[in-house]
Amino acid sequence: MSQNHSKLLILGGLIITTFIFVIITTTTIITTAKAQTDEFNVYKFDNDGNFILGWGSRGSGPGQFYHAHGIAIDSSGNVYVSDQGNFQSTLSHPDAIPHISKFTADGKFITKWGSQGTGDGQFTRVEDMAIDSSGNVYVAELGNSRISKFTADGKFITKWGSGNDGTASSSSNSSEGSLDKPWGVAVDSSGNILVTDKGRNMTFKFTSDGKYLQTLVPTGPADGQLQHPHGIAIDSSGNFYIADQVHANIQKFSPDGKFLLKFGSEGRGEGPFFHRPHGVAVDSSGNIFVADSGNHRVEKFSPDGTLIKSWGHFKDPHDIRIDASGNVYLINTTYDENVSGTATPSD
């Protein structure tokens, strides 16, 4: 009788232990899944797409955004995020001011700057950003049709391109270098600034103070030409990559603008397909990462354009960057919902 009782006690203990293990394991799975599916504005993944952390919610406080859009990372690992404020909102938020926010690599708020307007240091539909080796921040302003340059803490330095009236706004002394809806911006190893202009469907090169140097990529439907270019990234050899929304592909060019490669096509399924590709980034191994906005995912490709993997189901991924350790930072744009309950995506 005592032996049977002991067996029952042991069996009961095993059942209870197993039950507790199942509860703990299930809770861990649920917590991990929640962490990867919460609608953050900024996501951080490792190079294989494993979730590390996320931050950002709707609002005007530190670490909050109304329309997060662009992202950049400096040599110290600090993260800069652009917020378009009331742009694309179906509601009016008096506190939704376009600005740039600066964070540590783990999402701790440092500072922010900017306001609505056309003056120096003001923004109207701020888009992409890039940072040079000295920590200067270059901001592409689609609404003001210009590039603005700031110090690392937000002090205005200069601007160039065109104002809303089409007149030159600073040192760019060539009509060839005038801008109309600049979207993507990148800095090469010589400190020159590359800009994709989706209004003119071209890519330009400027000096760091805005002097026009070269039209790198012209407009057109053929390979090596652009129609609605967005994000731009530069690899360690100086080759640059452009996400083109009309072509629905990524095109690769040599440092002097010679067409080298393209991959991707319009589509919704698994594979090398894009629908409204926005951001593009390249890691130190030459792998290419694409924020595929219309398909709500990130796609990773080898240097020759072969699909390696894709991950996520985001709301509207816009911009993407890789830090020195190979971690992937993604901007997940959010919108106010209109009366019918559907969000209005940006182009």
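Keep in mind that what you see is a predicted model, and the values were worked out from it rather than measured.

Definitions and cut-offs
Each chain has its residues counted from 1, running along the sequence as written. Predicted model: local features are reported for residues with pLDDT of at least 70 only, side-chain atom pairs are reported and counted for 80 or more only, and whole-chain, interface and lining totals are derived from all residues. The side-chain numbers reported here are obtained from all heavy atoms of the structure, hydrogens and water having been left aside. Helix and strand assignments come from DSSP, with helices taken as H or I runs of at least 4 residues and strands as E runs of at least 2, each series counted from the N terminus. Exposure classes here rest on a 1.4 Å probe applied to the protein chains alone. A residue is buried below 20% of its type maximum, exposed above 50%, and partly exposed in between. Contacts are assigned to residue pairs that have any heavy atoms within 4.5 Å of one another. We define a salt bridge as a contact between a side-chain nitrogen of Lys or Arg and a carboxyl oxygen of Asp or Glu at a distance within 4 Å. DSSP bridges decide pairing: two strands pair if at least two such bridges lie between them. An axis is simply a line fitted to the C-alpha atoms; with a helix, the fit covers only the stretch in contact. Between two such axes, the angle follows the N-to-C directions and lies from 0 to 180 degrees. The score called pLDDT rates the predictor's confidence residue by residue, from a low of 0 to a high of 100.

Chemist: How should the overall build of the protein be read in this particular structure?
Modeler: Within the protein one finds one helix and 28 strands. Counting all 347 residues of the protein, 52% fall into the buried class. Taking the contacts inside the protein whose residues are at least 6 apart along the sequence as the reference set, 42% of them involve residues at least 24 apart.

Chemist: How should I be thinking about the pattern of salt bridges in this particular structure?
Modeler: Opposite charge on two side chains permits them to pair, given that their charged atoms come into close proximity. A full pass over the atoms with the stated rule returns 13 salt bridges. Where Arg125 meets Glu127, a salt bridge forms, and the shortest distance between an N and an O atom there is 2.7 Å. Accessibility classification places Arg125 together with Glu127 in one group, the buried group. Here the residues in one salt-bridge network are Asp128, Asp319 and Arg321, joined through shared partners.

Chemist: Explanation requested: the sheet that holds strand β15 (residues 202-206) in the structure shown.
Modeler: Within a sheet, adjacent strands bond to each other through the backbone by hydrogen bonds, running parallel or antiparallel. Ordered by their spatial adjacency, four strands build an open sheet running β13-β14-β15-β16, and the pairing between neighbours is antiparallel. Here the strands that pair on one side only, and so sit at the sheet edges, are β13 (182-187) and β16 (212-217). Going across the sheet, the axis of each strand differs from the next one's by a mean of 25°, ignoring polarity. Pairing between strand β14 (residues 193-197) and β15: five bridges, direction antiparallel. When the bridges of β15 are listed, Ile193 appears paired with Phe206.

Chemist: I'm lost on the confidence of the model for the protein in this one. Help?
Modeler: Caution applies to low-pLDDT parts of the model: their predicted coordinates are not meant to be read in detail. Within the protein, residue pLDDT values average 85, and 80% of them lie at 70 or more. Predicted confidence is poor over residues 163-174, with pLDDT under 50, and the contacts of this stretch with residues over four places away or in other chains come to 28 contacts. Scored below 50 in pLDDT, residues 337-346 shows 22 contacts in the model against residues more than four places distant or in partner chains.

Chemist: I would appreciate a short explanation of the pairing of strand β24 (residues 288-292) in the present structure.
Modeler: Across a regular strand the side chains alternate sides, sitting on one face of the sheet and then on the other. Summarising burial for β24: five of the five residues are buried, a large majority. In β24, alternate side chains face the same way, and those of Ile288, Val290 and Asp292 on one face and Phe289 and Ala291 on the other are all buried. With five bridges joining them, strand β23 (residues 277-282) and β24 adopt antiparallel strand pairing. The residue of β24 that forms the bridge with Val282 is Ile288. With five bridges connecting them, β24 and strand β25 (residues 297-301) associate as antiparallel partners. Paired with Val290 across the two strands is Glu299, which belongs to β25. Taking the residues that link successive antiparallel strands as the turn, the β24-β25 hairpin has four residues, and the phi of His296 there is positive, at about 60°.

Chemist: Explanation requested: the sheet that holds strand β17 (residues 229-234) in the structure shown.
Modeler: Pairing within the open sheet is antiparallel, and its four strands lie in the order β17-β18-β19-β20. Bordering the open sheet on either side are β17 and β20 (259-263), each of which pairs with just one other strand. The sheet shows a mean angle of 20° between the axes of neighbouring strands, taken without regard to direction. Of the pairings in the sheet, the one linking β17 to strand β18 (residues 240-244) comprises four bridges and is antiparallel in character.

Chemist: So what exactly am I meant to see when it comes to the pairing of strand β6 (residues 79-83) here?
Modeler: The buried fraction of β6 amounts to five of the five residues, a majority that puts the element mostly inside the structure. The two faces of β6 match: Val79, Val81 and Asp83 on one face and Tyr80 and Ser82 on the other face are all buried. Here strand β5 (residues 68-73) runs beside β6; their pairing, made up of four bridges, is antiparallel. What sits directly across from Ile71, in β6, is Val81. Here β5 folds back onto β6, and the loop between the two strands holds five residues, one of which, Gly77, carries a positive phi near 90°.

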